[in-house]
Amino acid sequence: MSVLVDTIVMLGMLVVVPAGLRLTGAPELDRIRRLWPLFAAPGAVSLWLPRGGPATALATCYALGAALLALHAPPRLLRTVRSTTTHRAAPAEIALLTALVTPSVAALALVAERSGHTLFGFGLGILALTVPHFHFAGFAAALVSGLVCRVTDSPGGRFAALSVPLGTLLVLAGYFIGDWAELAGAVVLTAGMWTVALLTWRTIRGRGRDRVTRLLFGTSAAVLVVTMVLALSWALGEATGLPHPTLTWMAATHGLGNALGFALCSVLAWQRLRNGVGSTRTAPTRTVPFLTDPFPTDHGGRTS
C-alpha cells in the first residue's frame, strides 16, 4: 500500500495543487504557484526515503510551502468580508479558502509521519493516509466545488461549495471526536461531491465542449459516484462495526479513483477551458469572467 499511497501523494503535490492554483485566476497566488515546485519536489522525494532526519527535513520544506499558501487565506477572507460581493458569491469563496488551507493539514501529517512520530495520538498508518486525503478530498474537492458553483450559479452549486468544506471539516473533527462524527462528515462530504458530479454531468460537461473535455468531465463525475459510496461504506463500518473495506482496499479503490478519475481529470478539463481549447463554440458570456477570475472578491457590486 505504501508505494501506491506515495504515488498518489506525489500526483497531488506535483500536479494537482499547482494546476489547481492556476485555475483560481487569483493574481496574489501567482508567486506561490511559481515557487511551488521548489517546495513540492523535496516533499515528493521525502516519500521514498526511510523515516528519519533527511526525510523529515525534506517534508518540512513542503510544509513551509503549504504554510505560505495557507497564509493567503486570512487576507483574502478579510477582503471578502469588506467587499461588495453578494451572498451568492460567498460559497465559492469559502470553497477556495478551504482549498488554500487543506494542504497545510496534509503537510503537517507528512512531517510527523516522515519523522516516525505519532501526532495527536494518531499512528503512522493513519498519518500516511491523511496526506493524500487532504490533497484530494481537501484541496481538489474544495477547488472543483467552487469552480462548479461559479459556473452554474445555482442553488445546487452553492450547496456543493458549502457542503464540501463543511464535510471536510467534520471529517477532520471526527479524527478527534470519534467515528460517528467522521461518519457525519462523510455523509455531508458525499452529498456535496455527488452534487458536484451531477452538475458536472448535466450542466458543465455539455456546454459545447469538445470530445476530450466532455470525456474528462464525464469521467470525473462518474468516478465520484463510486468513490464516495466506498467512503460512506468505510465510515459506516467504522462507526457501527458492520463489515467494510480495509484501508488497503480503500487506498487502491477510493484513493486511486479520486486521485486519477476525479482530481486529475477535473483539473485537466478545467485547464482546457481556461486555455480556450475545451469548447467547440464560444462559451456563454457570463462564464468568461469566471474562467479568467474564478473566485473574484470584488466586482464592484456585480456578480459574474
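First, a word on scope: everything that follows refers to the structure included in this document.

Rules used throughout
Throughout this document, residue positions are counted from 1 along each chain, in the order its sequence is written. Since the coordinates come from a predicted model, pLDDT governs what is reported: local features require at least 70, and pairs of side-chain atoms require 80 or more to be given and counted, while whole-chain, interface and lining totals use all residues. Water and hydrogen atoms were dropped before computing side-chain values, which therefore reflect all heavy atoms in the structure. Strands are runs of DSSP state E lasting at least 2 residues, helices are runs of H or I lasting at least 4, and numbering of each runs from the N terminus. Remark: exposure states derive from per-residue accessible area (1.4 Å probe, protein chains only) relative to the maximum for the residue type, with buried under 20%, exposed over 50%, and partly exposed in between. Here, residues are in contact when the closest pair of their heavy atoms is within 4.5 Å. Note on areas: Shrake-Rupley with a 1.4 Å probe; residue coverage comes only from the protein chains shown. Each aromatic pair joins two rings of Phe, Tyr and Trp (for Trp, the six-membered one) with centres within 6.5 Å, and gets the label stacked for planes under 30 degrees apart, edge-to-face for over 60, and tilted for any other angle. Ring-over charges, as used throughout, are those where CZ of Arg or NZ of Lys falls within 6 Å of the ring centre and within 35 degrees of the ring normal.

## Some points on the overall build of the protein
Each helix and strand in the protein was counted, giving eleven helices and zero strands. Buried residues in the protein amount to 53% of all 304 residues. When contacts within the protein are restricted to residue pairs at least 6 apart in sequence, long-range pairs at least 24 apart make up 76% of them. Split by element, the accessible area of the protein, about 12,900 Å² in all, is 69% carbon and sulfur.

## A closer look at unusual backbone geometry
Located in the positive-phi region is F120, a residue other than glycine, with phi close to 55 degrees. Looking at the secondary structure, you find F120 in the loop between α5 (90-115) and α6 (124-152). Classification of F120 by relative accessible area gives exposed; the value is 59%. For D153, which is not glycine, the phi torsion reads 45 degrees and is therefore positive. Its place among the elements puts D153 in the loop between α6 and α7 (155-177).

## Examining the packing of aromatic side chains
A full pass over the atoms with the stated rule returns six aromatic pairs. Each ring, one from F122 and one from F176, has its centre 5.5 Å from the other, and the planes form 75 degrees; the classification is edge-to-face. Taken together, the positions of F122 in the loop between α5 and α6 and F176 in helix α7 put the pair 54 residues apart, joining distant regions of the chain. Here F217 and W270 contribute two aromatic rings whose centre-to-centre distance is 5.4 Å and whose plane-to-plane angle is 85 degrees, an arrangement assigned as edge-to-face. Taken together, the residues F217 in helix α9 (residues 211-240) and W270 in helix α10 (residues 247-274) connect sequence positions 53 residues apart. Just as F217 is buried, W270 falls in that class too. Put simply, the rings of F120, F122, F134, Y175 and F176 pair up and form one aromatic cluster. For the cation-ring pair, R205 lies above W201, with the distance from its terminal atom to the ring centre recorded as 3.8 Å.

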